[in-house]
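# Examining the three-dimensional arrangement
Next come the chains, spelled out residue by residue.
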Amino acid sequence: MEHIPRLSDAVYVGMCREVGTPDEVRIRRDVEDTGEVVKRPVNKMNGLHKMISGSHREGFRLKTSDIDFMHWLPHHEVICDLSQISLYRVPQHTVILMEWEDLPPGFTRLQLMSDSHNDVVKSSCVIRNNEHYISSMLFKTAFSQLCIDSNPAYQSSVPHGPCLSFSQGQQECDCAFCFASQHWPTLATPWVERCRQKGWPSDDVLHDIIQSGFHVVPIGSDNDREDEWRISFSQAEQKLVYAMNHSQFLCYGLLKIFLKEVINSGIKDPILCSYFMKTILFWVIQEDASLTWTPDNLLPNFWRCFKLLIYWISIAECPNFFIPQNNMFRVKVKGAAQNALFNRLYDLYCKGIPCLLLSPTLRSYLSQVILDRTLTVRTDEDSIIPSHRLDMQVFKETYHLVASIRNMKYFANYMMTIENIMAKRQSPCHVVCIQKMTSVVLLRTAWYIINYTETHNKDIALVSNKVCHMLKIASQIGYVSDILYLAMYYYRTCRYEQSLRCLQRAQERMSVPYVMYRDNVNVEMYRRAMTGVSLSDKMRKAVVSDIKLKSDYTYIDELLLEQTVSYRNGRSALYIPPLVMLHMLSVLNHHRLHHTLESHQALQNLQTLLLNDVGVHVPEQLRDISYQILGICQHVCGDYVGALNSYQYSHEQYQHHKIQQASIYRIHSLIQT
């Protein structure tokens, strides 16, 4: 274990594969930043400002990386002293004054200095010394209930500190309702001076942090302090993490993994959380400017952080990075819990660097170097991740970003913001984000118009050209598979020949050997075909994606039952593998045109795909809807026995879409006929 630099290099490579290379992390941040800029005006129109914070926003994609949302009311301005009240107009602005006398450092009371027109704020006020104060407990309770009543995603949420915790699919989320201030808190003024003296962060980052202000979140220093609010520096922390070099960022990731897999392993209710790890790293970076943060120093720097953690546990103090007087261990780390935690950490310390082998994640990277002393570890990015994986990272992050665009009544606002962004010089990653967001907005707006026109008995012919134009543009600038939405529209409006021509183009474009679907791609073919091609063109020429049928709209009548059942069971959309959708539309179009041979051939192609695929074109979690579609096509073509078997097989699959009732209904309908 004496070759620490070589071990550090091995851990650096391992952490790059677990956490991300510099380019991967940059891509994630660029996509998140672009999404926030585009959605900011729409969020404001919805009556709340919104910000994503926490490890997801910082660039982590670990399994334990949750997404933290912060929501705050516009026109409610928090000031730090009375002199700042003149900066706002009353009654357009609701002014809230911070008071922190006689309170633990880092906490404040909020005095309402002018009337609020928001019902939640008004209902959260209490009288104290003949003045109106906003109760953190009442505010959190009222806003939480409002969300639970208005959004199904919050139905199973539970309180967690100042937040509501809930799940979106497999993603854990925390949502905090708070107030924002455009000023820098007086309590944290010494932090600014300390940063200037220490030289970290840089002056530019420091200025940006100060100008961005802070938030106050509804939680007191103790459970019975219902009128206290905690000062939150989430936005500043995100900017500090962005200011780290990659070795520092990986050290943060290493601390998070070590905490979860070693320190907290087997503990039911752990005392330590990753926020403490972040705080430790901030202090270590700032306090010792002589430290070298390079791959071969990753382990020594991690060990320095670990020793500081042990020291803090021993004295039961964890000074907040911005307000050091705020001891974040004050409530949690004391008595028997403190002693047990110290003994646990000291035992790990006595093991030395080998204690990292207790982490399953780190063990796989360290053991190779320990067993093979001749092993050469390369830390250059090209050796860690191939170029096609970076492309996949962009497309994957962009896919998740556009999935959050939901309310199409703000179409014009999205497009206006996108246009303003495109007027500025953008990186290739930004261009791809904007390009795909534009495609999604066009697709969803087109289907909104289609459904609105039919629901309100409007003349579809009047909007048909506009709808077709939107769908065509979307297919030209979006994914290769986006042309299938146009094919669906042509089928829906009985233009079967035109739909088949779209399907033919889709078949040709999706059959090229370099096409990329999810994590599946022929790397060599992709490299040959896409070398020198812009990221924007790569997306248009090589990326296919699942066809997303949102529950808000009817796309084709044949899948309306599945959409309805899935929605009733809590799913907002059907996700259909693109080749499955292509074959389905081919069967239906040929059937409508009475092309018996062609429809049966298309049906055979679909059946062959499902029977022979090993997860490359039909992911396991989408086999429920895929076999349901096979059954529908067999039913249409008169193969009732085959349809019965397919519905039954769909019913037996992992129910990602929760369409069992649809399968049962179709089985009963077949039996009765």
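First, a word on scope: everything that follows refers to the structure included in this document. (Residues numbered from 1 in each chain as written. Predicted model: local features only at pLDDT ≥ 70, side-chain atom pairs only at ≥ 80, totals over all residues. Heavy atoms only, no water.)

## A few points about the side chain of lysine 436
Looking at where lysine 436 falls in the secondary structure, it is placed in helix H17 (residues 428-455). Ignoring any residue separated from it by four or fewer positions in sequence, one finds lysine 436 in contact with Thr398, Val402, Gly478, Tyr479, Asp482 and Met539. (Helix = DSSP H or I, 4+ residues; strand = E, 2+ residues; numbered from the N terminus. Contact = heavy atoms within 4.5 Å.)

## Re unusual backbone geometry
Backbone torsion omega between valine 90 and proline 91 reads 15°, so that peptide bond is classified as cis. Structurally, proline 91 can be placed in the loop between strand S2 (67-79) and strand S3 (94-99). Its identity as a non-glycine residue notwithstanding, aspartate 102 has a phi of 65°, on the positive side. Looking at where aspartate 102 falls in the secondary structure, it is placed in the loop between S3 and strand S4 (107-112). A residue is classified by how much of its surface remains accessible, and aspartate 102, at 79% relative accessible area, is exposed. (Buried < 20%, exposed > 50% of the residue type's maximum accessible area, 1.4 Å probe, protein only.)

## Notes on the environment of glutamine 661
In this fold, glutamine 661 is placed in helix H28 (residues 660-672). The sequence separation of glutamine 661 and leucine 561 amounts to 100 residues, and the corresponding C-alpha distance is 9.5 Å. For glutamine 661, the contacting residues outside a window of four places in its chain are Val565 and Asn569.

## Considering the nonpolar core
By size, the foremost hydrophobic cluster in this structure holds 104 residues, and its most contacted members are Ile134, Phe179 and Trp191. Here this core gets 11 residues from one element, more than from any other, and that element is helix H9 (residues 246-263). Beyond its immediate sequence surroundings of up to four residues, isoleucine 134 is in contact with Ile96, Leu110, Leu112, Val121, Ser124, Cys125, Phe139, Phe179, Asp227 and Trp229. Counting 69 residues, the second largest nonpolar core, distinct from the first, contains Ala487, Tyr491, Cys502 and Ala662. (Core = buried A, V, L, I, M, F, W, Y, C linked by side-chain atoms within 4.5 Å.)

## A few points about the pattern of salt bridges
Oppositely charged side chains may form a pair once their charged atoms are brought near each other. In the structure shown here, the tally under the stated rule is 26 salt bridges. For aspartate 288, the salt bridge identified is with arginine 304, shortest N-O distance 3.4 Å. Of this pair, aspartate 288 sits in the loop between helix H10 (274-287) and helix H11 (298-315) while arginine 304 is found in helix H11, placing the two residues 16 residues apart along the sequence. Among the residues examined, aspartate 288 registers a relative accessible area of 21% and is labelled partly exposed. Salt-bridge contacts for aspartate 546 lead to arginine 518; the nearest nitrogen and oxygen are separated by 2.5 Å. Linking aspartate 546 in the loop between strand S13 (543-544) and strand S14 (547-550) with arginine 518 in the loop between strand S12 (516-517) and helix H21 (523-530), this pair joins segments that are 28 residues apart in sequence. Salt bridges sharing common partners tie together Asp23, Arg26 and Asp30. (Salt bridge = Lys/Arg side-chain N within 4 Å of Asp/Glu carboxyl O.)

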